[in-house]
Amino acid sequence: MSETVIGIDLGTTNTCVCVHLNNKLKILENKEGGRTTPSYVFFTEQNSVIVGQYAKRMADVKPEYGIYEIKRLVGRKYDDPYIKKNLNYLPFQVTNISNDPVVVVQTKTQVFKRSPQELCAYILGKIKSDAEAKLGHPINKAVITVPAYFNIAQREMTLAAAKTIGFIVLKLLNEPTAAALSYYYEHKSSDGDGYSLVYDLGGGTFDVAILQRNGSDITILGVDGETHLGGHDFDNLLVEHVCQVLISQYNYNPKNDRRNMRRLNNECEEVKKMLSESEETSIILNAFVPNSNIVEIPITRGQFESKAEHLFQKTIDIMTRCLEKVNLKKSDIKEVILSGGSTRIPKIQSMISAYFNGKVLNKFINPDECVAEGAAIQAALLSKNPSQTISQIKITDVTALSLGISDFVDVMTFMIKRNTPIPVTKTTKRVTVYNNQANMSFDIYEGERLNAKKNYFLGHLEITDLTPAPPGQCGVTVVMTVDQNGILTVKATETVSNRTKDVKIVYTRGSRSDGDIKKVVVEAEENTAEDERFRQFADIKGFVYKYCIRAMYNFEEKGLVATHKDVYDKCSDVLKKLKDLDVDDEKEVIKLKQQVVPLCKPLEKKYAFKYMP
Ligand code: AMP
């Protein structure tokens, strides 16, 4: 029987696993019976590693051995300002090794140094073995969700962590897309098609996605977000508030005491959650401040809301930005879908509802599980296991615009045409222009115009130390891939030495709005005449360029520079002039061609010039 594929929401705070089997979505409980597993890792005095609920409990007692919020460290450099900011709040030690953050835990007998990737692998390892215990057979394939705004390093580190514990990741799915999949699955008979906005605010990250539903077809139109905005930031505001009160009223600063900071963090998170239910409560700290048995700091919902208002507002601004990107008005949004634990905060709900002019928001009964459910739906869509068959949803993943590279006269080589289903791989070849050319570089573009400079610039790739060879005699094979995880890779391999160099770029259809895409396509259609003119110009310019370079190479090789100095100098002069000529200078380029070709032609024959274009 084909393997079962599970869906994993690897969260900053909690990790949740779900599977779609026999037409049902089922959250896979962990061995302790929990529907979610705290994303905690704890190192014991006996040097063993505990993950999940018990790790969280132990971390309350011995905070310096307990690691959490690992997702915030994933794929970031140590000098990243976000990491710096976080280090103020994390009770465990993070050190700098070659500008990578590495967590250090020192038990009585051993020092553990673990990268964020290794710590993620501990969590995934527990998830895997618990899911296997629950399902009664090995599981090797999974879909894992990531924040939509995770960059390449963050995505690759997540994949690497999964790989080390033996998971084949069929897809990294963006979290808000997963939430939408889960919503659509639950609301199969929703009355008709339209645009939906997913507002996903969890413990560590905020994501927005705008999707279009057309029958069973779902297309992602745009995503936006912030990889560092969530429930923990709200907790930290309360922690800061308490610290200020303790300093001013009790002359006690807890910031140097890891255990107390950990306790304070926990207490503040609980108080924050309580404020979602009641208008006021108190932060109660027992045996916390020296010489005070109990400290009670009252706090109201209003106080909390005013402290966090700037962060709440930031999420609204990001939502506005996302709507603008996809060229939609608020009123175009038919369904607003809330996911992530922090959307339980009443003020957030009222701000979103007010933003959409009093719209009723679609809330999940359990916002902590919807992302895992979406991952399970995607897993089932990719599974070959007949028990996982799913028919009511289809998710469209195609390239929105063509992808390609520019050549030395800025002509776009279209490698992957628009609307090509993802994943896809295409190859093209390039040869050197100059004698002994040492480097070859490519600009990578997205768009439909022949003049690469009129397209969206995505990135740059340069391969150096090419094998020395006459012009056109050394080449590079360029392979362009868009994989199922939204990573665009452009890889260049030198044909003589086989050396390779690659560049990776996050590629999501959602990074361009529908409006932008339409504009690009229409512009290209309207400008076919201009593009044709550019092609003619580029053809001639390219020809004259190569002609001069190769003629000069032959003069040099055959020791004819002195004998035919006038022709050699002419070629050199034409090359210099060509550099600055643009499409409007086509006549000038033709003139230069006429100056140089008749001069060289007889010599080309007489001396049997090689490699001429
Ligand atoms: P998630 O990453 O979706 O599991 O969300 C976890 C975040 O949601 C944590 O920061 C929690 O403190 C927060 N959260 C969970 N329940 C509530 C609640 N009732 N009120 C406010 N925040 C909550």
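This section reports on the structure supplied with the text. Keep in mind that what you see is a predicted model, and the values were worked out from it rather than measured.

1. A short note on the overall build of the chain
Secondary structure summary: the chain contains 14 helices and 28 strands in total. The 613 residues of the chain split such that 55% are buried. For the chain, long-range pairs separated by at least 24 residues make up 66% of all intrachain contacts whose partners lie at least 6 apart in sequence. Total accessible area on the chain stands at roughly 26,400 Å², and carbon and sulfur atoms take up 48% of it. Considering the chain, the positive charge centre built from 80 side chains and the negative charge centre built from 76 side chains are found 4 Å apart.

2. Quick look at the packing of helix 13 (residues 565–579) against helix 14 (residues 586–606)
One way to put it is that helix 13 packs onto helix 14 with a least axis distance of 10 Å and a crossing angle of 155°. Overall, the two elements helix 13 and helix 14 adopt an arrangement that is roughly antiparallel. Taken as a pair, helix 13 and helix 14 cross one another with a handedness that is left-handed. In this structure, helix 13 contributes Val567, Lys570, Cys571, Val574, Lys577 and Leu578 to the contact, and helix 14 contributes Val589, Leu592, Gln595, Val596, Leu599, Cys600 and Leu603. Its residues placed into classes, the contact of helix 13 with helix 14 shows 10 nonpolar, one polar and two charged.

3. Some points on the environment of Arg533
By secondary structure assignment, the location of Arg533 is in helix 12 (residues 528–557). Arg533 sits 53 residues away from Glu586 along the chain, and the two C-alpha atoms are 9.0 Å apart. Among residues more than four places away in sequence, those in contact with Arg533 are Val583, Asp584 and Glu586.

4. Details of the side chain of Thr428
Within the secondary structure layout, Thr428 lies in strand 23 (residues 424–431). Owing to a relative accessible area of 17%, Thr428 belongs among the buried residues under this scheme. Other than its neighbours up to four places away in sequence, Thr428 contacts Ile405, Thr413, Met415, Val476, Thr477 and Val478.

5. Description of the packing of helix 5 (residues 175–186) against helix 10 (residues 370–382)
Two elements in contact, helix 5 and helix 10, have axes whose closest approach is 7 Å; the angle formed by their N-to-C orientations is 80°. As judged from the angle between their axes, helix 5 and helix 10 are roughly perpendicular. Taking contact as the criterion, the partners of Glu175, Ala178, Ala179, Leu181, Ser182, Tyr185 and Glu186 in helix 5 are, on helix 10, Cys370, Val371, Glu373, Gly374, Ala375, Ile377 and Gln378. Here the contact of helix 5 with helix 10 is built from residues that sort into eight nonpolar, three polar and three charged.

6. Focus: empty space enclosed by the protein
Counted by the stated rule, this structure contains eight cavities of 30 Å³ or more. In this structure, the second largest cavity spans a volume of roughly 90 Å³. Contributions of two or more residues to the lining of the second largest cavity are made by helix 6 (231–250) and helix 7 (258–274). No other element matches helix 7, which puts four residues into the lining of the second largest cavity.

7. Description of the nonpolar core
Judged by nonpolar contacts, the single largest core of 49 residues is most densely connected at Leu197 and Ile352. Looking at which element gives the most residues to this core, the answer is helix 8 (residues 301–325), with nine residues. Two domains each put at least three residues into this core: domain 1 (5–229 + 309–394) and domain 2 (231–308). Excluding anything up to four places from it in sequence, Leu197 contacts Val208, Ala209, Ile210, Met319, Leu323, Ile333, Glu335, Val336, Ile337 and Phe356. One finds Tyr40, Phe43, Ala55 and Ile127 within the second-largest nonpolar core, a separate group that totals 44 residues.

8. Notes on the layout of surface pockets
Rolled over the atoms, a probe sized like a water molecule indicates the empty space that remains. By volume, the largest pocket amounts to about 730 Å³. Counting residues per element, the ones that place at least two in the lining of the largest pocket are strand 2 (14–21), helix 1 (53–61), helix 6 and helix 7. Broken down by element, the lining of the largest pocket gets its largest block of residues, five residues, from helix 7. Here the lining of the largest pocket is built from residues that sort into four nonpolar, 17 polar and 14 charged. Looking at which domains feed residues into the lining of the largest pocket, each of domain 1 (5–229 + 309–394) and domain 2 (231–308) supplies at least three. Volume-wise, the second largest pocket comes out at about 610 Å³. Residue assignment for the lining of the second largest pocket shows that the elements contributing at least two residues are strand 23, strand 24 (440–446) and helix 12.

9. Notes on the sheet that holds strand 22 (residues 412–416)
Two strands in a sheet stick together by hydrogen bonds in their backbones, pointing the same way (parallel) or opposite ways (antiparallel). Reading across the sheet, the four strands line up as 22-21-24-25 and stay open at both edges, with antiparallel pairing between neighbours. The strands lining the two open edges of the sheet, one partner per strand, are strand 22 and strand 25 (456–463). When strand polarity is set aside, the average angle formed by the axes of neighbouring strands in this sheet is 30°. Alignment of strand 21 (residues 403–406) against strand 22, held across four bridges, turns out to be antiparallel. Bridge pairing links Leu403 to Ile416 in strand 22.

The rules behind the values
Going along each chain's sequence as written, the residues are numbered from 1 onward. A pLDDT threshold of at least 70 governs which residues receive local features in this predicted model, and a stricter bar of 80 or more applies before side-chain atom pairs are shown or counted, although totals over entire chains, interfaces and linings include all residues. The side-chain figures draw on all heavy atoms in the structure; neither hydrogens nor water molecules are used. Helix and strand definitions follow DSSP, with helices as H or I runs of at least four residues and strands as E runs of at least two, each counted in order from the N terminus. For each residue, the accessible area found with a 1.4 Å probe, counting protein chains only, is set against the maximum for its type, and the residue is called buried under 20%, exposed over 50%, and partly exposed in between. Contacts: residue pairs with any heavy atoms within 4.5 Å of one another. With residues, only the protein chains shown are counted as cover, and all accessible areas are computed by Shrake-Rupley using a 1.4 Å probe. In this tally, Lys and Arg are treated as positive and Asp and Glu as negative; His is ignored, and so are the chain termini. A charged residue contributes its charge at one atom only: NZ of Lys, CZ of Arg, CG of Asp or CD of Glu. Geometry is summarised by axes, namely lines fitted to C-alpha atoms with helices restricted to the contacting stretch, and by angles between N-to-C directions that run from 0 to 180 degrees. Angles below 35 degrees are treated as roughly parallel, those above 145 as roughly antiparallel, those between 65 and 115 as roughly perpendicular, and all remaining angles as oblique. Each crossing gets its hand from how the near helix is turned against the far one by less than a right angle, where anticlockwise is left-handed and clockwise is right-handed. Classification used: nonpolar for Ala, Val, Leu, Ile, Met, Phe, Trp, Tyr, Cys and Pro, charged for Asp, Glu, Lys and Arg, polar for all others including Gly. A 1.4 Å probe that fits but cannot get out identifies a cavity on a 1 Å grid over protein atoms alone, an open set with protein on both sides within 12 Å along at least five of seven lines counts as a pocket, and a residue lines either if it has an atom within 4 Å of a point. Grid points are joined across faces, edges and corners, and a volume is the space filled by probe spheres set on the points. Only buried residues count toward a nonpolar core. Its members are Ala, Val, Leu, Ile, Met, Phe, Trp, Tyr and Cys residues joined through side-chain atoms within 4.5 Å. The source of the domain bounds is an automatic or database domain assignment. What makes two strands pair is DSSP finding at least two bridges between them.

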